[in-house]
Amino acid sequence: MTAILSVNDVDAGYGPSEVLQKVNIYVDEGEIVCLLGSNAAGKSTTLRTILGMVRARAGTISLRGEQIQTLSTQQIVSKGITMVPENRRLFAKMTVRENLEIGANMRRDKAEILTDIDRVFLLFPRLKERVAQKAGSMSGGEQQMLAIGRALMAKPSVLLMDEPSMGLAPILVQQVFETIQQINADGVTVLVVEQNANVALAIADRGYVIQTGRIVMSDTAKAMLANPKLRDAYLGELEG
Amino acid sequence: MTPELRRSVRQGLIGGAVVLYLASVGMLVAFDARAIITNVVNFATVLIVITFAAFGYLAGRPGKGGEPAQPFLLAGAVTGAVAGATVGVVAVLVDFLITGLEWDVRSMWTSVSPTLMELLSFGQSPIVGALLMTLLGFTAGLAAGSLHLATTITRKVILLGLMAFVFGALGAPLFKVMLDGMHIPNRWLFDRDGLTITGAIVLFAAFGLARLGSFRVGGPRQALLKVPGTSEKNLRWVISVLALLGIAVLPWIVNDFVSDVLGFVGLYILLGLGLNIVVGFAGLLDLGYVAFYAVGAYSVAILTARSSYLVGGSVTAPAVAGYTNFWVAVPITILIAVVIGVAIGAPVLRLRGDYLAIVTLGFGEIIRTLVLSDWLKAKFGGPQGLTEVAAVPFFGLNTRDPQILYYLIYAFAGLALFISYRLKTSRVGRAWAAMREDEDIAEGMGVSVIKYKLLAFATGAAVGSLGGAFFAAKLSVANPGSFTLLVSINVLAVVVLGGIGSIPGVVVGSLVLVGLPELLREFGEFRLHIYGAILIAIMILKPEGLIPDKRRALELHQPDHQPEKSVLSAEATEGIQ
Ligand SMILES: Nc1ncnc2c1ncn2[C@@H]1O[C@H](COP(=O)(O)OP(=O)(O)O)[C@@H](O)[C@H]1O
Ligand SMILES: [Mg+2]
């Protein structure tokens, strides 16, 4: 079986600076895969490259065997990959509903969009209560729910998540990761980027470690959790 | 000297400088001719008093914590007196230069006329004049400072009454014509070019009492809702129908000149709505919007003018009108404008903010230079432009008559208004709002930033060219002199004054910035000074504009990203619960 998403020998960077070097990642359909790494390792850049927001300078990126590295972000989103960005990055001055509608911006099926909004509300009842509230006025936890809901509105088959635990209290982190499992159980493949290795590995099937733009380790989540080298060599001081 | 006192003195010096500025650019002398209350007080004096009062009021304003910065009366009086004394002292010095040292001050500074000197000294000797000016400042500042002691209601009632009386007086010639037209006796209210004393009292009392009355019942809207049988919904209907009726009968109760001015206001509403789509909705700062105005005017001129090259050598034949008529020309014009809009937009899509502004500024000038050039003189007529543009054919009516053309312009302005509203609340409008807020993430969500930016440029160009088309048909010419950078600035000022992104704001902005200066001739001459002053005042007092767009207001009053710390602490308490 070929992977639903595969990143093959990809180089990418910003202007003159090279960030990613020969990155290889694959995600099978229905998996949760996590990409671990310390600050500035290139995790966000990897996700942005998959989504076409940063261009791959070499290598290929495939979705269900079809190469997508030259497509525009809009085309990639309509093919079924969306992202929950780092720090949530909601449209703070727009209402909860408008944020969700933006997530469905390139869809044309009006009726389906309405049922999908209801589906997001079923997943996050808190959002329904705040449907007309400005996104910026909500708590951090609610904002993370909305960021996930907004990404789901594009009907993704692959969901990219950039550090969903960032800035959240432990109890909320737990909730977010339970939600990720639930979304995954509903048939969405998930690639989640994290610095918080324990929580991520707890729900993931497999994991990768990225360090200064190179993949330095990959294994099953279980094996990685048991591997003492992981913490000492790559994530070290980050597990505070 | 206490810091408070120092502040009052500083405010006073600034206030005095403002009056001196008004005097030195010639505004005071020009406004001296305009009466407020005939034979009692004229606009120049009122302007001086307003300036003193405004600074007195500001000096007495409560501090940040809400507690008075200093005793209101003292602050106001000191500020006013210092301002008055500043003006007085300078007037005495200048008078000494002229009469004592026999310097020819006027050869350097043309505004320093005998009329001005007499105005500043109230017709008395310089010293007495200076004392009177100080006294005037003291009184105005004291009165303004004491407004802080009054309740909010009293303050608002007094301010509205005063405003009604000043605007009533400034608009006197216009209102007089309107009342005469409706055969309403008005001798008791207006006297030649100002108010009568009775008129002043009646206006002040009427508006003040109306405001007080509406306060009693919780605002004008609530007051109307109290009338049996009204609800929010049918109230809105009634207001819309009344507004439409008002627009419909307006040309018939004013004279031709005012209809003409209203026509120009309508053109600016069109232009403003178009630019509002680009700047307000999509957040793209366009400083060369005049380009589309010019494209509209020249396209219609080429297609319908007798002097157009399309008509060929047959210009001499009196029977030959233009190549085609206005209604055929308009869709072609819009198409041309859209193509040019996209052509200008496409190369600059990746530019943001300031860079975009500079590049569009350049494009505006390029269009003007092109139509002005010798190279294209055969097509665009060079500096003379194209003349004899055909009138708009409309069921045999004479559309050169401003009262008739008025309806056509406002019909199209209404259409543009409707399109603006629909766009704003549509999927497109949401995408624009998202783009404006966070272009990166909007793109990441699959919003095609390029497509939506081009759409904004194209729609803005189409609406703007419509304004240009009517301009050419209205004046029957299209010449480069009408399409200067100043037009771009005017339109942008209309949008900013009304409130960026606000649709009713464009209407109000056009009325204030285009209508008022035409009606108050004395203002017209100082238009740029007044623009500057209004824009600075708006930026300081009401940065979101006169009728703010809700979302924009939020953008200005909320920090971009709430501090992480507060989010975290909210989180923490949530976790504990
Ligand atoms: N927009 C950008 N322009 C230039 N360099 C960037 C940009 N974004 C990230 N970088 C650089 O790329 C490297 C990787 O960043 P990033 O992918 O954001 O790391 P991570 O998400 O793992 O913390 C860092 O050295 C960072 O400074
Ligand atoms: Mg990152």
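Residues numbered from 1 in each chain as written. Chains lettered and ligands numbered in written order. Predicted model: local features only at pLDDT ≥ 70, side-chain atom pairs only at ≥ 80, totals over all residues. Heavy atoms only, no water.

We now examine the overall build of chain B. The secondary structure content of chain B amounts to 27 helices and four strands. Over its C-alpha atoms chain B spans a radius of gyration of 27 Å, differing by no more than 12% from the 25 Å that the globule rule assigns to 577 residues. With respect to the principal axes defined by its C-alpha atoms, chain B has extents near 80 × 75 × 60 Å. Taken across its 577 residues, chain B has 46% of its residues classed as buried. Across chain B, the fraction of contacts at a sequence separation of at least 24, relative to all contacts at a separation of at least 6, is 73%. Across chain B, the 40 positively charged side chains and the 34 negatively charged ones have centroids separated by 7 Å. (Helix = DSSP H or I, 4+ residues; strand = E, 2+ residues; numbered from the N terminus. Rg over C-alpha atoms; globule rule 2.2 N^0.38 Å. Buried < 20%, exposed > 50% of the residue type's maximum accessible area, 1.4 Å probe, protein only. Contact = heavy atoms within 4.5 Å. Lys, Arg positive; Asp, Glu negative; His and termini not counted. Charge placed at Lys NZ, Arg CZ, Asp CG, Glu CD.)

Turning our eyes to something else, we now look at the site of ligand 1. All names here are of chain A. Neighbouring ligand 1 are Y14, V19, S38, N39, A40, A41, G42, K43, S44 and T45. In the environment of ligand 1, an oxygen atom lies 3.2 Å from a nitrogen or oxygen atom belonging to the backbone of A41. T45 has a polar side-chain atom sitting 2.5 Å from an oxygen atom of ligand 1. Residue contributions to the shell around ligand 1 peak at three residues, all from helix α1 (residues 43–50). (Near = heavy atom within 4 Å. Polar contact = N/O pair within 3.5 Å; in protein donor to acceptor, adjacent residues only side chain to side chain.)

Facing 36 residues of chain A, the contacting portion of chain B comprises 28 residues. In total, about 2,900 Å² of surface goes out of reach between chain A and chain B, with carbon and sulfur atoms giving 55% of it. Counting across the interface, chain A meets chain B through three salt bridges. Here A:R89 and B:D438 are joined by a salt bridge, their closest N and O atoms 2.8 Å apart. Scanning the region where chain A abuts chain B turns up six residue pairs in polar contact (both at pLDDT 80 or more). The set of elements that each furnish at least two residues to the side of chain A that touches chain B consists of α2 (73–78), α3 (96–103), α6 (140–152) and α7 (170–185) of chain A. (Buried area = accessible area lost by both parts, 1.4 Å probe. Salt bridge = Lys/Arg side-chain N within 4 Å of Asp/Glu carboxyl O.)

What follows covers the pattern of salt bridges. All names here are of chain A. As enumerated under the stated definition, the model contains 19 salt bridges over all chains in all. Residues R107 and D116 are paired through a salt bridge, measuring 2.8 Å at the closest nitrogen-oxygen approach. Between E142 and R130 there is a salt bridge; the shortest N-O distance is 3.2 Å. One end of the pair, E142, is in helix α6; the other, R130, is in the loop between α5 (125–129) and α6, and 12 residues separate them in sequence. Connected via shared salt-bridge partners are R107, D109, D116 and R119.

This paragraph deals with the sheet that holds strand β2 (residues 17–27) of chain A. Note: strands within a sheet are paired through backbone hydrogen bonds, in either parallel or antiparallel orientation. Residue and element names in this part refer to chain A. Read from one edge of the open sheet, four strands run β2-β1-β4-β5, paired in antiparallel fashion. Edge positions in the sheet fall to β2 and β5 (66–67), since each of these pairs with one other strand and no more. Sheet topology note: the strand β1 (residues 5–14)/strand β4 (residues 56–63) ladder contains six bridges and is antiparallel. Note on β4: the bridge partner recorded for N8 is T60. Helix-sheet contacts for α1 involve β1, β2 and β4, and the interaxial angle to β1 is about 110 degrees. (Pairing = 2+ DSSP bridges. Axes fitted to C-alpha atoms, helices over the stretch in contact; angles between N-to-C directions.)

All names here are of chain B. Splitting chain B by domain gives domain 1 (3–216) and domain 2 (245–521 + 530–556 + 566–573). Spacing between the C-alpha centres of domain 1 and domain 2 amounts to 37 Å. Tallying the contact residues gives seven residues for domain 1 and seven residues for domain 2. When domain 1 packs against domain 2, close to 710 Å² is buried across both sides, 82% of that on carbon and sulfur atoms. Linking domain 1 to domain 2 there are zero residue pairs in polar contact (both at pLDDT 80 or more). (Domains from an automatic or database assignment.)

The next thing to look at is unusual backbone geometry. The bulk of non-glycine residues show a negative phi, and the bulk of peptide bonds are trans. All names here are of chain B. Phi angles above zero are rare outside glycine, and F395 is one such case at about 45 degrees. Tracing the chain through its elements places F395 in the loop between α17 (377–380) and α18 (402–424). The phi dihedral of S476 falls on the positive side, at around 60 degrees, and the residue is not glycine. Checked against the element boundaries, S476 lands in the loop between α21 (449–475) and α22 (485–498). The exposure class assigned to S476 is buried, which follows from its relative accessible area of 19%.

Before going further, it helps to spend a moment on the coordination of the magnesium ion (ligand 2). All names here are of chain A. At this site the magnesium ion (ligand 2) is bound by S44 (OG) and E86 (OE), with donor distances of 2.0 to 2.5 Å. Residue S44 is located in helix α1, and its partner E86 is located in the loop between β6 (81–84) and α3; the two are separated by 42 residues in the primary sequence. What makes E86 partly exposed here is its relative accessible area of 27%. (Donors = N, O, S within 2.8 Å, 3.2 Å for Na, K, Ca; no water.)

Quick look at the packing of helix α3 (residues 43–59) of chain B against helix α4 (residues 72–100) of chain B now. In a pair of packed helices, the angle between the axes and the distance between the axes together describe the arrangement. Residues and elements named next belong to chain B. Orientation of α3 relative to α4, taken along the N-to-C sense of each, is 145 degrees, at an axis distance of 7 Å. Considering how the two elements wind past one another, α3 and α4 form a crossing that is right-handed. Residues F52, F55, G56 and A59 of α3 form the contact with α4, whose own contacting residues are A75, G76, T79, A83, G84 and V87. Looking at side-chain class alone, the contact of α3 with α4 contains six nonpolar, four polar and no charged residues. (Left-handed = near helix turned anticlockwise from the far one by under 90°. Nonpolar A, V, L, I, M, F, W, Y, C, P; charged D, E, K, R; others polar.)

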